[in-house]
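# Commentary on secondary and tertiary structure
If you want the building blocks of each chain, they are given just below.
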Amino acid sequence: MTLVVADSPHTAQAVCRAVGPGARVAPSTEAFAAFDGEVEPVVVACHGRMRPEQVELLARFERERPWVPVVLVADADPELARQLLRVRTAAVVWLTELETHLRRRLDAVRATWGLWSLAAAFDRSALPPALGKALVHAAERAADRPVRNVRELARDVSCAPVTLFRQFGARANGRTTLSAFISGLSVLGVYEFRRSGLNWKRVVQRTQLGRATLTRRIKAWPGCTPGELERLPPDRLFAAFTAEHVRPILPDISDGVSTLDQK
């Protein structure tokens, strides 16, 4: 389902026509109340220059739902780039190109935005350079071919494994481990591959991890079977990963997330 937040009923109707079936409209004041686990992308649309409350809405989505792609639909305004300096969107579509470009952009960002968003959060963080570089690399690779273990990650970024273990452990303070983080990332990659339509044989080939290994990792986190993993809403799964494996090292990445056993 696509959540549409627009500055007028007319704009909302135009966006919904471009999105197609599955669009749901919410006023900006109710955007988060209307958000649920079935929402995948969000479209924020406005005419003219963006108002401060619209910029803040984008910033709030980035803080509280960093794994959800937000596409901005707006007029071509020279000031827009300056207004977006402190917030991040998955894509920008001009209102003049709404009918021809919006649906294609939504399809492009749905599958892997959560992983790329994590990579961007690590890239902007104040983590130690070696650890930050490694976590960016791991998150980016999860969207293509997940890093399989700490040794492989260390080799990819030309760093000693002990350095990554030490730096990650100092930040996490026992609340998660680097191995659990990497394993969880591979599960997120598997989840996205399955959502994109790959069968399990192709997933095994893509990840270069055996089916039994993948099953063990999914059982370890998020604690279910492969079939149950596929039925989890993306918002809930990424929220759980953020709560359990990201917030221990980046406490400010998201507010109000929950683990899978919380309602």
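Everything here concerns the structure above.
Residues numbered from 1 in each chain as written. Predicted model: local features only at pLDDT ≥ 70, side-chain atom pairs only at ≥ 80, totals over all residues. Heavy atoms only, no water.

## Here we look at the packing of helix 9 (residues 178–195) against helix 11 (residues 211–220)
Note the following rule: Whenever a helix is involved, its axis is fitted only over the stretch in contact; in every case the axis is a line through C-alpha atoms, and angles between N-to-C directions fall within 0 to 180 degrees. What counts as a helix is a DSSP run of H or I of at least four residues, what counts as a strand is a run of E of at least two, and both are numbered from the N terminus. Any angle between 65 and 115 degrees counts as roughly perpendicular, while under 35 counts as roughly parallel, over 145 as roughly antiparallel, and the rest as oblique. Here a residue-residue contact requires only that any non-hydrogen atoms of the pair lie within 4.5 Å. Residues are grouped as follows: Ala, Val, Leu, Ile, Met, Phe, Trp, Tyr, Cys and Pro are nonpolar; Asp, Glu, Lys and Arg are charged; every other residue, Gly included, is polar.
The interhelical angle for the contact between helix 9 and helix 11, taken along N-to-C directions, is 110°, at an axis separation of 9 Å. In terms of orientation, helix 9 and helix 11 fall into the roughly perpendicular class. Seen from helix 9, the contacting residues are Ile182, Ser183, Ser186, Val187 and Val190; seen from helix 11, they are Leu214, Arg217 and Ile218. Taken together, the residues of the contact of helix 9 with helix 11 sort by class into five nonpolar, two polar and one charged.

## Quick notes on the packing of aromatic side chains
In plain terms, the rule: We call Phe, Tyr and Trp rings a pair once their centres come within 6.5 Å, taking the six-membered ring for Trp, and we label the pair stacked below 30 degrees between planes, edge-to-face above 60, and tilted otherwise. Partly exposed residues are those whose accessible area sits between 20% and 50% of the maximum for their type, while under 20% is buried and over 50% is exposed, using a 1.4 Å probe and protein chains only.
Evaluated as defined, the whole model comprises five aromatic pairs. Look at Phe168 and Phe181: their rings are 5.8 Å apart centre to centre, the planes differ by 55°, and that puts the pair in the tilted class. Taken as a pair, Phe168 in helix 8 (residues 161–172) and Phe181 in helix 9 lie far apart in primary sequence, 13 residues in all. Overall, the relative accessible area of 1% leaves Phe168 in the buried class.

## Some words on the pattern of salt bridges
Formally: Salt bridges, as used here, are contacts in which a Lys or Arg side-chain nitrogen is within 4 Å of a carboxyl oxygen on Asp or Glu.
Inspection of every chain in the model, using the stated rule, returns 12 salt bridges. A salt bridge links Glu62 to Arg124; the nearest nitrogen and oxygen atoms lie 2.7 Å apart. Of this pair, Glu62 sits in helix 2 (residues 52–64) while Arg124 is found in the loop between helix 5 (113–123) and helix 6 (129–142), placing the two residues 62 residues apart along the sequence. Residues joined in a network through salt bridges with shared partners are Arg141, Arg145, Arg148, Glu152, Arg155 and Asp156.

## With respect to the environment of His10
Its place among the elements puts His10 in helix 1 (residues 9–19). In this structure, the C-alpha to C-alpha distance between His10 and Thr177, residues 167 residues apart in sequence, is 49 Å.

## Some points on the environment of Arg65
Within the secondary structure, Arg65 is located in the loop between helix 2 and strand 4 (70–74). What makes Arg65 buried here is its relative accessible area of 18%. Once the C-alpha coordinates of Arg65 and Val19 are considered, the two residues, 46 residues apart in sequence, prove to be 21 Å apart. Excluding its chain neighbours within four sequence positions, the residues that come into contact with Arg65 are Phe35, Arg60 and Asp235.

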